[in-house]
Every structure is written in structure tokens, then in C-alpha cells.
Amino acid sequence: MTSIERTAYPRFKRLITTHELHLFFSPTRDELEWAADRTDSDEHLPALLLTLKSYQRMGCFPEVEDIPEAVAEFVRRAVELPEGRCRCTGRRRP
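Predicted, not measured: the structure shown is a model, and the values here were computed from it.

A. Layout of the overall build of the protein chain. Scanning the protein chain from terminus to terminus reveals four helices and zero strands. Ordering the α and β elements of the protein chain from the N terminus gives α-α-α-α. Counted over contacts in the protein chain with a minimum sequence separation of 6, partners at least 24 positions apart contribute 56%. Total accessible area computed for the protein chain in this model is approximately 6800 Å², and 50% of it derives from carbon and sulfur atoms.

Printed below as a string of C-alpha cells:
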């Protein structure tokens, strides 16, 4: 049976390896500059980069609550924001 990640309805894998994080979710210098030019606060920068990198990986824009915590944290660290400054945690809201 085909895994859900390879179907017309892509989703994030339940377990994402460190290698996959670096391979698919590391923003390039150009992407960082592009996102910085289009955002007005530190909190918006990782959210835009998460959206960009998710689209590049999956071919669609996921709901913020569907983005795994590991991916959100990886991107937050990539833009060197301290903990608590990124509200795009991927946690489902009640």
C-alpha cells in the first residue's frame, strides 16, 4: 500500500529525521533574505519560512496546526529566534 506521504493528499510524516529536517526545511540565504524583506516582525519570519518550505516539500500549504513541532522548532532555530518568540508551533489548539 502506498504511504500517505506519496499520495495526492500529502501530509507530514509522523517521525521526521534530522537528515530530513536539514534536507527539506533548511532555509537558504536567499530564502531568508526574501522572507525578511516581506515580514514586519520576528514572529512572522519563521511562519513565512515554514509555509514556504512546507509548500516546496509537499506541493501544498498545510494548516499551521498540522506542522509538526520538530519542523517548527528547526525553522525557529534556523532564524535564531529565542524560545517563545515563534507562535507557529504546530500544536493543535483545543
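Next comes the rest of the account.
B. Broad picture of the environment of T18. Looking at where T18 falls in the secondary structure, it is placed in helix α1 (residues 18-25). Expressed as a C-alpha distance, the spacing of T18 and F74, which sit 56 residues apart in the sequence, is 9.3 Å.

C. Main features of the nonpolar core. The biggest cluster of nonpolar side chains holds 15 residues, and the ones touching the most others in it are F12, F25, L49, L50, V71 and V75. Those elements giving two or more residues to this core turn out to be α1, α3 (44-58) and α4 (69-78).

D. Layout of the pattern of salt bridges. Counted by the stated rule, this structure contains four salt bridges. E31 serves as the salt-bridge partner of K53, at 3.0 Å between the closest nitrogen and oxygen. Within this pair, whereas K53 is found in helix α3, its partner E31 is found in helix α2 (residues 29-38), the two being separated by 22 residues in sequence. In this structure E31 comes out as buried when scored by relative accessible area, which is 12%. Measuring nitrogen to oxygen at the nearest pair gives 2.7 Å for the salt bridge that ties E73 to R76.

E. The arrangement of the side chain of T39 in detail. Note on placement: T39 falls in the loop between α2 and α3. Polar contacts involving the side chain of T39 include one to the main-chain carbonyl oxygen of A35, which spans 3.0 Å.

F. Representation of the packing of α2 against α3 within the structure. For the pair α2 and α3, the least separation of the axes is 9 Å and the interaxial angle reads 130 degrees. Viewed along their axes, α2 and α3 adopt a mutual orientation that is oblique. For the pair α2 and α3, the sense of crossing is right-handed. Only L45, L48, L49, L52, K53 and Q56 of α3 make contact with α2, whose side of the interface consists of E31, L32, W34, A35, A36 and R38. Of the residues in the contact of α2 with α3, the class split is eight nonpolar, one polar and three charged.

G. Here's a closer look at the environment of A72. For A72, the location among the structural elements is in helix α4. On the accessibility criterion, A72 (2% relative accessible area) is buried. Placed 25 residues apart in sequence, A72 and A47 show a C-alpha to C-alpha distance of 8.3 Å.

The rules behind these values
Residues numbered from 1 in each chain as written. Predicted model: local features only at pLDDT ≥ 70, side-chain atom pairs only at ≥ 80, totals over all residues. Heavy atoms only, no water. Helix = DSSP H or I, 4+ residues; strand = E, 2+ residues; numbered from the N terminus. Contact = heavy atoms within 4.5 Å. Areas by Shrake-Rupley, 256 points an atom, 1.4 Å probe, with all protein chains shown as cover. Core = buried A, V, L, I, M, F, W, Y, C linked by side-chain atoms within 4.5 Å. Buried < 20%, exposed > 50% of the residue type's maximum accessible area, 1.4 Å probe, protein only. Salt bridge = Lys/Arg side-chain N within 4 Å of Asp/Glu carboxyl O. Polar contact = N/O pair within 3.5 Å; in protein donor to acceptor, adjacent residues only side chain to side chain. Axes fitted to C-alpha atoms, helices over the stretch in contact; angles between N-to-C directions. Parallel < 35°, antiparallel > 145°, perpendicular 65-115°, else oblique. Left-handed = near helix turned anticlockwise from the far one by under 90°. Nonpolar A, V, L, I, M, F, W, Y, C, P; charged D, E, K, R; others polar.

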